[in-house]
Amino acid sequence: MIRSIIPDDVIKRVRSLINGVRDIVITCHLSPDGDAVGSTLGLCHVLRRLGKNANVVTADMVPRSLHFVPGVRDITVMSINESLARRLVSEAQLIFCLDFNTMSRIDKLGECIEGSRAPRVLIDHHLDPDNQFDVMISYPEASSTAELVFRVLMQLRMLNMVDKVAAQCLYLGLMTDTGNFTFGCENPELYEIQAVLMRRRIDKQWLYNMAMNTFSADCLRLRGYALNEKMVLDMDHGVSLITLSLDELRQFNYRKGDTEGLVNVPLAIPGIYWSVFLRQEEDRVRVSCRSIGNFTVNDICARYFNGGGHANAAGGDYYGTLDGAVEQFHRILKELDENNNDN
Ligand code: 5GP
Ligand code: MN
């Protein structure tokens, strides 16, 4: 049985908010991933079927790898069509914030939403959400935001509105945030949710191939290069470091999303329980960390890289050169050693 985990009064509030309005905006975090795209488009599709003028507005572009998702072309991207994005937000009577927990994670779009008087409903599974939302549906233990959107719709008794298209979107979120049902999916109810979605006759193999197993030749070569020439293993600390400079990225015609998931690969090596990936951008270095077991990386990303995230998957930014970011990484190792010696 799929239990109702969201309190009745919260569901009641969401129902009355939806019933009372026509214009709804749904947004998600920067660099939308499968869960962000799947949960926003899934919810949007259902709201449209209910007769609402619902629109997904994102701060920046959806990566090419997710362009196959039904409804993606309909997304308003603020960095491309700022005036439309601003108009949709200013006309919205209700705003859903999905798969992120603080306005600062959506740049200018966050400021724009903060300037709106529309009530904000958060549906998210990240730790420590900000107090900027009128309704908070925040469950860090959930596998994905798509799972939570499913639960909200179930408790609203709207699952009959989840057709094949919406089911594909929600399945995408579940699948990508759990590495195709590998991690973060210990809750058996997840498979009951999966079964409900599969009854909508979604093609799960097609979704898997499109979302998780489609790469351009350049992208595969970049990954091969990163693993063959740039992966530095420090077996004493059980850590792997991969760095890619702007020059290297250009050499492989890097496109956003091309290195997605790369940071996970070194964890396949026995003895490596922490993986760090530093990718240079024009004005900063993007940091991605993954870990296994009790070694947590969200605290490291918060402390050293202006970021945060989940215990075993976190990220942040280093404002400086790539060399500077590598030095920062070595400083972390040194401090970890010192703390270990103290204990
Ligand atoms: P990724 O390595 O895929 O970019 O990020 C992994 C996870 O870390 C994300 O799902 C998100 O929860 C978190 N994360 C990434 N970047 C940031 C950041 O700059 N700030 C915060 N607070 N969390 C981040
Ligand atoms: Mn997510």
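Up top is the structure.
A. Layout of the coordination of the manganese ion (ligand 2). The coordination sphere of the manganese ion (ligand 2) contains the protein donors Asp35 (OD), Asp99 (OD), His125 (NE2) and Asp177 (OD), at a distance range of 2.2 to 2.4 Å. In primary-sequence terms, the residues that donate to the manganese ion (ligand 2) follow D-x63-D-x25-H-x51-D. Highlighted residues: aspartate 99 in the loop between β4 (94-98) and α4 (107-114) and histidine 125 in the loop between β5 (120-124) and β6 (135-138), separated in sequence by 26 residues. Judged by its relative accessible area of 4%, histidine 125 falls in the buried class.

B. Broad picture of the environment of leucine 244. In this structure, leucine 244 sits in strand β8 (residues 239-244). On the basis of relative accessible area, leucine 244 is assigned to the buried category, the value being 0%. Through-space distance from the C-alpha of leucine 244 to that of histidine 29 is 24 Å; in sequence the pair is 215 residues apart. Contacts of leucine 244, omitting those with residues within four sequence positions, involve Leu222, Tyr225, Ala226, Lys230, Leu249, Thr259, Leu262, Phe277, Leu278, Arg279, Gln280 and Leu322.

C. Expanded view of the site of ligand 1. Around ligand 1 sit 13 residues in total, of which His126, Arg286, Ser288, Arg290 and Gly308 are the nearest. The separation between an oxygen atom of ligand 1 and a polar side-chain atom of serine 288 is 2.3 Å. Taking alanine 313, its main chain carries an N or O atom lying 3.5 Å from an oxygen atom of ligand 1. Surface burial for ligand 1 is 76%, taken as the share of its 500 Å² of free accessible area covered by protein chains. Of all the secondary-structure elements, those providing two or more residues to the shell around ligand 1 are β10 (285-291), β11 (308-309) and β12 (313-318). Looking at which element gives the most residues to the shell around ligand 1, the answer is β12, with four residues.

D. Region of the structure containing the pairing of strand β9 (residues 274-280). Burial analysis of β9 places six of its seven residues in the buried class, the great majority of the element. With six bridges connecting them, β8 and β9 associate as parallel partners. Looking at β9, one finds that leucine 241 is bridged to valine 276. Bridge count between β9 and β10: seven bridges; the pairing is antiparallel.

E. Seen up close, the pattern of salt bridges. Scanning all chains against the criterion turns up 19 salt bridges. Taking the shortest distance from any N to any O, the salt bridge between aspartate 258 and arginine 64 comes out at 3.9 Å. Of this pair, aspartate 258 sits in the loop between α10 (246-251) and β9 while arginine 64 is found in the loop between β2 (53-58) and β3 (76-77), placing the two residues 194 residues apart along the sequence. Taking the relative accessible area as the measure of exposure, aspartate 258 reaches 6% and is therefore buried. The exposure class of arginine 64 is partly exposed, given its relative accessible area of 40%. One network of salt bridges, in which partners are shared, links Arg3, Glu147, Arg151 and Glu189.

F. A look at the packing of helix α6 (residues 164-177) against helix α8 (residues 204-212). Close contact between α6 and α8 brings their axes to 10 Å; oriented N to C, the two are set at 60 degrees. Classified by the interaxial angle, the pair formed by α6 and α8 is oblique. Every pair of crossing elements has a handedness; the one defined by α6 and α8 is right-handed. Listed contacts from α8 to Gln168, Tyr171, Leu172, Met175 and Thr176 of α6 are Lys204, Trp206, Leu207, Tyr208, Ala211 and Met212. Considered class by class, the residues forming the contact of α6 with α8 number eight nonpolar, two polar and one charged.

Cut-offs used in this document
- Residues numbered from 1 in each chain as written.
- Chains lettered and ligands numbered in written order.
- Predicted model: local features only at pLDDT ≥ 70, side-chain atom pairs only at ≥ 80, totals over all residues.
- Heavy atoms only, no water.
- Donors = N, O, S within 2.8 Å, 3.2 Å for Na, K, Ca; no water.
- Helix = DSSP H or I, 4+ residues; strand = E, 2+ residues; numbered from the N terminus.
- Buried < 20%, exposed > 50% of the residue type's maximum accessible area, 1.4 Å probe, protein only.
- Contact = heavy atoms within 4.5 Å.
- Near = heavy atom within 4 Å.
- Polar contact = N/O pair within 3.5 Å; in protein donor to acceptor, adjacent residues only side chain to side chain.
- Areas by Shrake-Rupley, 256 points an atom, 1.4 Å probe, with all protein chains shown as cover.
- Pairing = 2+ DSSP bridges.
- Salt bridge = Lys/Arg side-chain N within 4 Å of Asp/Glu carboxyl O.
- Axes fitted to C-alpha atoms, helices over the stretch in contact; angles between N-to-C directions.
- Parallel < 35°, antiparallel > 145°, perpendicular 65-115°, else oblique.
- Left-handed = near helix turned anticlockwise from the far one by under 90°.
- Nonpolar A, V, L, I, M, F, W, Y, C, P; charged D, E, K, R; others polar.

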